[in-house]
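This is what each chain is made of:
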Amino acid sequence: MSDESRPSPAAAPPGTPVAAVIPAAGRGVRLGPGAPKALRTLNGTPMLIHAVRAMAASRAVSLVVVVAPPDGAAEVKSLLDAHALPERTDFLVVPGGESRQESVRLGLAALPPGHDIVLVHDAARPLVPVDTVDAVIEAVRDGAGAVVPALPLADTVKQVEPAAAPGGAEPVVATPDRSLLRAVQTPQGFDRATLERAHRTVTDDVTDDASMVEQLGERVVAVPGHEEAFKVTRPLDLVLAEAVLARRRLNDGF
Ligand code: C5P
């Protein structure tokens, strides 16, 4: 049977080693000028280190692959060396590519054999709680080809057509049923062989990895996401992230 027509993955056994790939090669222009987004600090610690710790917090994750800006792999390696990380987890750094998709593909290519479940997690989501990470892993173990953590939408969503002139009013053409829409986060979890096949097969531009698996016709499921797994995109998100960290410190004090 050809690799491209394999059946859906069977449920992975409980001890299946899990690797996390963290694409961190984006410039993050929407945050304003400065260092690459993943290297911006939150309470004095680079966002990337928060994201790496969030993945390594799961006892199931035995390897974290960080995909660094193409000219920044050495800097990211020394950053990992300079921060305390769990000893039971291995770390690898590889240079990234032009697009997020390319960066994830390069991270996947660096995975040694044996890690049959793969998480893909944005460095830009530094505060995802470990329970969310574990829920994603659990759903992959239960047999889904891809798993996304997802939240219901607070806002009503409109579909629009392009404005006649740049900056002009956009005609609204539809209002999708909000109760059936979800905002998806990371880490997204995958049966490794399914994700590798998606990266070999799908060449369209995509904004997440699960949509590539959808295009293969594999089963993709959503599990509850978490409000603290938001993506740090705009300057206000940095303020929110520091507030979350301050709240955690307070709660840890009790
Ligand atoms: O740009 P966006 O916020 O969607 O990026 C999501 C994640 O993908 C970020 O963690 C970013 O560093 C990463 N990325 C990457 N390589 C690129 C572009 C984005 O690893 N070329």
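Here the structure is a predicted model, which is why all the values come from computation and not from measurement.

Visitor: Please explain the overall build of the chain as it appears in this structure.
Guide: Scanning the chain for helices and strands turns up 7 helices and 12 strands. Here the C-alpha radius of gyration of the chain, 19 Å, is about what a compact globule of 254 residues would show, namely 18 Å. Overall size of the chain, expressed as C-alpha extent along the three principal axes, is 55 × 50 × 40 Å. Per-residue burial for the chain yields a buried fraction of 46% across its 254 residues. Within the chain, contacts between residues at least 6 apart in sequence are counted, and of these 74% link residues at least 24 apart. Put simply, the chain shows about 12,800 Å² of open surface, and 55% of that area lies on carbon and sulfur atoms. The averaged location of the 32 negative side-chain charges in the chain is 3 Å from the averaged location of its 25 positive side-chain charges.

Visitor: Explain the UniProt feature "site: Positions MEP for the nucleophilic attack" (unreviewed entry) in the chain to me, please; I cannot follow it from the model alone.
Guide: With numbering aligned to this structure, UniProt lists the feature "site: Positions MEP for the nucleophilic attack" (unreviewed entry) at Arg178 and Lys231. Checking the annotated residues one by one, the ones that line the largest pocket turn out to be Lys231. Residues within four places of Arg178 in sequence aside, it is in contact with Leu153, Ala154, Asp155 and Thr156. Within the structure, the side chain of Arg178 is placed 3.4 Å from the side chain of Thr156, a separation counted as a polar contact. Mapped onto the elements, Lys231 comes out in the loop between β12 (220-224) and α7 (235-252). Classification of Lys231 as partly exposed rests on a relative accessible area of 32%.

Visitor: Help me understand the pattern of salt bridges, please; the structure alone is not making it clear to me.
Guide: Where side chains of opposite charge bring their charged atoms close, a pairing between them can arise. All chains considered together, the criterion is met by 8 salt bridges. Between Arg125 and Asp122 there is a salt bridge; the shortest N-O distance is 3.7 Å. Arg197 is paired through a salt bridge with Glu218; the nearest N and O atoms lie 2.5 Å apart. One end of the pair, Arg197, is in helix α5 (residues 192-201); the other, Glu218, is in the loop between α6 (210-215) and β12, and 21 residues separate them in sequence. Comparing Arg197 with Glu218 shows no difference in burial state: the two are buried. Several salt bridges share partner residues, and in doing so they unite Arg100, Asp122, Arg125 and Asp209 into one network.

Visitor: I tried to follow the site of the ligand on my own but got confused; where do I start?
Guide: Around the ligand sit 15 residues, and of these Pro23, Ala25, Gly26, Gly97 and Ser103 come closest. The separation between a nitrogen atom of the ligand and a polar main-chain atom of Ser99 is 3.4 Å. Isolated, the ligand exposes 460 Å² of accessible area, and the fraction of that covered by the protein chains is 83%. One can see that the ligand is located within the largest pocket. Its residues assigned to classes, the shell around the ligand comprises 5 nonpolar, 4 polar and 6 charged.

Visitor: What's the story with the layout of surface pockets in this structure? I'm lost.
Guide: Rolled over the atoms, a probe with the dimensions of a water molecule shows which regions are left empty. Here the largest pocket defines a volume of roughly 510 Å³. Across the lining of the largest pocket, the residue classes break down as 8 nonpolar, 7 polar and 7 charged. One number sums up the size of the second largest pocket: a volume of about 230 Å³. Taken together, Leu151, Pro152, Leu153, Ala154, Asp155, Val157, Ala183, Val184, Gln185, Glu227 and Phe230 make up the full set of residues lining the second largest pocket.

Visitor: Hey, could you run me through α5 in this one?
Guide: Think of an α-helix as turning once every 3.6 residues; residues three or four places apart then point the same way. Within the sequence span of α5, burial applies to Arg192, Thr194, Leu195, Arg197, Ala198 and His199. Check the buried side of α5 and you find it contacts α3 (100-109), β6 (117-120), β11 (188-191) and α6.

Visitor: Please clarify how the UniProt feature "site: Transition state stabilizer" (unreviewed entry) in the chain should be interpreted in this entry.
Guide: Per the UniProt entry, the sites bearing "site: Transition state stabilizer" (unreviewed entry) are Arg30 and Lys37 in this numbering. For the largest pocket, the lining residues drawn from the annotated set are Arg30 and Lys37. Residue placement: Arg30 occurs in the loop between β1 (18-23) and β2 (41-42). Judged by relative accessible area, Arg30 falls into the exposed class, the value being 52%. Other than its neighbours up to four places away in sequence, Arg30 contacts Thr233, Arg234 and Pro235. Inspection of the secondary structure puts Lys37 in the loop between β1 and β2. Not counting residues up to four positions away in its chain, the partners in contact with Lys37 are Gly26, Arg27, Gly28, Leu31, Met47, Ala124, Val232 and Thr233.

Calculation rules
Residues numbered from 1 in each chain as written. Predicted model: local features only at pLDDT ≥ 70, side-chain atom pairs only at ≥ 80, totals over all residues. Heavy atoms only, no water. Helix = DSSP H or I, 4+ residues; strand = E, 2+ residues; numbered from the N terminus. Rg over C-alpha atoms; globule rule 2.2 N^0.38 Å. Buried < 20%, exposed > 50% of the residue type's maximum accessible area, 1.4 Å probe, protein only. Contact = heavy atoms within 4.5 Å. Areas by Shrake-Rupley, 256 points an atom, 1.4 Å probe, with all protein chains shown as cover. Lys, Arg positive; Asp, Glu negative; His and termini not counted. Charge placed at Lys NZ, Arg CZ, Asp CG, Glu CD. UniProt positions renumbered as here; feature names shortened; annotations may be inferred. 1 Å grid on protein atoms, 1.4 Å probe; cavity = no way out; pocket = protein on both sides within 12 Å on 5 of 7 lines; lining within 4 Å. Polar contact = N/O pair within 3.5 Å; in protein donor to acceptor, adjacent residues only side chain to side chain. Salt bridge = Lys/Arg side-chain N within 4 Å of Asp/Glu carboxyl O. Near = heavy atom within 4 Å. Sits in = over half its atoms within 2 Å of the grid points. Nonpolar A, V, L, I, M, F, W, Y, C, P; charged D, E, K, R; others polar. Points joined across faces, edges and corners; volume = space filled by probe spheres on them.

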